[in-house]
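Structural features, examined
Residue strings, one per chain:
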Amino acid sequence: MTKSEALFERAVKRIPGGVNSPVRAYGAIGEAPRFIDRADGCYIYDVDGNRYIDYIDSWGPMILGHNFPAIRESVVKASEKGLSFGCATEIEVEMAEFICSHIPHVEMVRMVNSGTEAVMSAIRAARGFTGKNKIVKFAGCYHGHTDAMLVSAGSGVMTSGVPDSAGVPKGCTEDTMTAVYNDLNSVKTLMEQAPGQVAAVIVEPVGANMGVVPPEEGFLEGLRALCDENGALLIFDEVITGFRLAFGGAAEYFGIRPDMVTYGKIIGAGMPVGAYGGRREIMEMVAPVGAVYQAGTLSGNPIAMAAGLTQLKYLFAHPETYTLLAEKGEKLYGGMEDILKEKGLGYQLNHISSLGSLFFTEQQVKDYTSAKTSDTTAFADYFKAMLKNGIHLAPSQFEAMFLSVAHTDAVIEETLDAVRKYFV
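Residues numbered from 1 in each chain as written. Predicted model: local features only at pLDDT ≥ 70, side-chain atom pairs only at ≥ 80, totals over all residues. Heavy atoms only, no water.

**A look at the packing of aromatic side chains**
Under the definition given, this model contains 20 aromatic pairs. Centroid distance Tyr-422 to Phe-423: 5.0 Å. Interplanar angle 85°. Geometry classified as edge-to-face. When its relative accessible area of 11% is taken as the criterion, Phe-423 is described as buried. The ring of Tyr-43 has Arg-51 sitting right over it, with the charged end atom 3.9 Å from the ring centre. (Phe/Tyr/Trp six-rings, centres within 6.5 Å; stacked < 30°, edge-to-face > 60°. Buried < 20%, exposed > 50% of the residue type's maximum accessible area, 1.4 Å probe, protein only. Lys NZ or Arg CZ within 6 Å of the ring centre and 35° of its normal.)

**Quick notes on the pattern of salt bridges**
Under the criterion given, the structure shown has 11 salt bridges. Note that Arg-34 is salt-bridged to Glu-31, the shortest N-O span being 3.1 Å. Here Arg-420 ties to Asp-417 by a salt bridge, and the two come within 3.0 Å at their closest N and O atoms. Taken together, the positions of Arg-420 and Asp-417, both in helix α15 (residues 409-422) and three residues apart, correspond to about one turn of that helix. Classification of Arg-420 by relative accessible area gives partly exposed; the value is 28%. Through salt bridges with shared partners, a single ionic network connects Arg-224, Asp-228, Asp-259, Arg-279 and Glu-281. (Salt bridge = Lys/Arg side-chain N within 4 Å of Asp/Glu carboxyl O. Helix = DSSP H or I, 4+ residues; strand = E, 2+ residues; numbered from the N terminus.)

**Remarks on the nonpolar core**
The biggest cluster of nonpolar side chains holds 63 residues, and the ones touching the most others in it are Phe-138, Leu-223, Phe-243, Tyr-263 and Ile-267. If you tally residues by element for this core, the top one is helix α11 (residues 302-317), at eight residues. Contact partners of Tyr-263, with chain neighbours within four places excluded, come to Ile-103, His-105, Val-106, Ser-114, Gly-115, Ala-118, Glu-238, Val-239, Gly-242, Phe-243, Gly-274 and Ala-275. With 35 residues, the next largest nonpolar core counts Tyr-45, Leu-332, Phe-383 and Leu-393 among its residues. (Core = buried A, V, L, I, M, F, W, Y, C linked by side-chain atoms within 4.5 Å. Contact = heavy atoms within 4.5 Å.)

**A few points about the packing of helix α2 (residues 69-79) against α11**
Put simply, α2 and α11 touch, their axes get as near as 8 Å, and they point 150° apart. The pairing of α2 with α11 is recorded here as roughly antiparallel in orientation. Considering only the axes of α2 and α11, their crossing is right-handed. Listed contacts from α11 to Ala-70, Ile-71, Ser-74, Val-75, Ala-78 and Ser-79 of α2 are Pro-302, Ile-303, Ala-306, Ala-307, Thr-310 and Gln-311. Of the residues belonging to the contact of α2 with α11, the class tally is eight nonpolar, four polar and no charged. (Axes fitted to C-alpha atoms, helices over the stretch in contact; angles between N-to-C directions. Parallel < 35°, antiparallel > 145°, perpendicular 65-115°, else oblique. Left-handed = near helix turned anticlockwise from the far one by under 90°. Nonpolar A, V, L, I, M, F, W, Y, C, P; charged D, E, K, R; others polar.)

**Considering the side chain of Ser-404**
Secondary-structure assignment places Ser-404 in the loop between β14 (401-402) and α15. A residue is classified by how much of its surface remains accessible, and Ser-404, at 0% relative accessible area, is buried. Here Ala-406 takes part through its backbone nitrogen, which lies 3.1 Å from a polar atom of the side chain of Ser-404. The contacts of Ser-404, once residues within four sequence positions are left out, are Asp-57, Met-62, Ile-63, Leu-64, Gly-65, Leu-325 and Lys-328. (Polar contact = N/O pair within 3.5 Å; in protein donor to acceptor, adjacent residues only side chain to side chain.)

**Quick word on the side chain of Lys-134**
Within the element layout of this structure, Lys-134 appears in strand β5 (residues 134-138). Not counting residues within four places of it along the chain, the set of residues in contact with Lys-134 comprises Glu-174, Asp-175, Met-177, Ala-194, Gln-197, Val-198, Ala-199 and Ala-200.

**Details of the state of the cysteines**
Across all of its chains, the model carries zero disulfides by this definition. Cys-141 takes part in no disulfide bond, and the closest cysteine sulfur, belonging to Cys-227, lies 14 Å away. Residue Cys-141 is classed as buried on the basis of its relative accessible area, which comes to 0%. (Disulfide = S-S within 2.5 Å.)

**Things to note about the confidence of the model for the protein chain**
In this model, the protein chain carries a mean pLDDT of 93, and residues with pLDDT of at least 70 account for 96%. This model gives residues 154-163 a pLDDT under 50, and the stretch forms 27 contacts once residues within four places in sequence are excluded. (pLDDT = per-residue confidence, 0-100.)

**What to know about the sheet that holds strand β9 (residues 260-263)**
Read across the open sheet, the seven strands follow the order β4-β10-β9-β8-β7-β5-β6; overall the sheet is mixed. The sheet is open, and its two edges are formed by β4 (108-112) and β6 (176-179), each paired on a single side. Direction aside, neighbouring strands of the sheet carry axes that sit 20° apart on average. Here five bridges tie β4 to strand β10 (residues 274-278), and the two strands are oriented antiparallel to one another. Across the sheet, residue Met-108 finds its bridge partner in β10, namely Gly-278. Sheet contacts for helix α4 (residues 115-130): β4, β5, β7 (198-203), β8 (233-237), β9 and β10; angle to β9, the most-contacted strand, approximately 165°. (Pairing = 2+ DSSP bridges.)

**A short note on the packing of helix α12 (residues 320-342) against α15**
For the pair α12 and α15, the least separation of the axes is 10 Å and the interaxial angle reads 20°. It follows that α12 is roughly parallel to α15 by the angle criterion. The hand of the α12/α15 crossing is right-handed. Across the interface between the two elements, Lys-328, Lys-331, Leu-332, Gly-335, Met-336 and Ile-339 of α12 pack against Asp-409, Ile-412, Thr-415, Leu-416, Val-419 and Arg-420 of α15. For the contact of α12 with α15, the class distribution of residues is six nonpolar, two polar and four charged.

What follows is the structure, given as structure tokens:
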């Protein structure tokens, strides 16, 4: 028995499913999860001493690679002053000023402790600002595990085969309306069914919790127009795409200005943190200024702020990072596409810049329904083969692959060799 297997045996006795987040579970793969001991650059090392090329990147925020020296040093330096105060700190102000100075659609920002909390708070602020109750979301888009958002969610919910969640009262979701991703008519229909009642449309500008599903041409622009026509706010959930597709996230990448935006662990360079922000008049609805209550004892934790601000300043000072990530994405995902074509396989490889995912289906994947046509048993076989070859992927068909600047050309070629070997 390996150390990971032994740890898993211990874990399942005290932790539901043996993991503290369903996306870490290997249940869909039929193995015990690998327990990680350390990480550096593009590599992670498990407790058994195995080294893997990592394509999870802590679910996205490790844009510069694991254990980036400047970020590590900022955390050590900040921790010397103390770990948490529960009081206001200077670095919170610096973080807010930096974001608002460089992200045009964020005039004010509030730090929270996770992407889930950011979405929950943004929706409450949108409802408070508009005086309306209904929210439009998209099937397959995951916006955290708050009750109102667990309707046709993606990610781990899809993997476990549970489209919604037990324990969520019907009343919590009655104002959540579900549209079809990449289908503007479905949004328009919902707006017509609830005229003047929609507070906001929330969307992953690039779907990344049903696998990677980029927006079709005109989709995001159409959402902006529909929101304007119906007096609704447009919320971009940039927990995945924020500061990854571009410094200004998907909003900058696609040239669309949302009313509000949510961020996750990217704000803390992988530390547990999140944020939501947007137009000043909306954010001034939030307590203690306005009537929309939202609080967090540990929000703006100085250690997380130190790590996050260091990474954001680096990314802003090195805009070439985004060109580099796009080039690496083309090498990896373009290379995978070439292999599939060479072998005459009809699988779908969706990708945009450093994000990508392979679907085991011949059908074009453009929404939740088409994503679900992927053969998850075939994915499980692929995952296990890649793991044996030292390639660490998310243990779910419906998660993204993430590249960092630490993934060298040699590492990408090693990955492509493993892909080629599997499909021989």
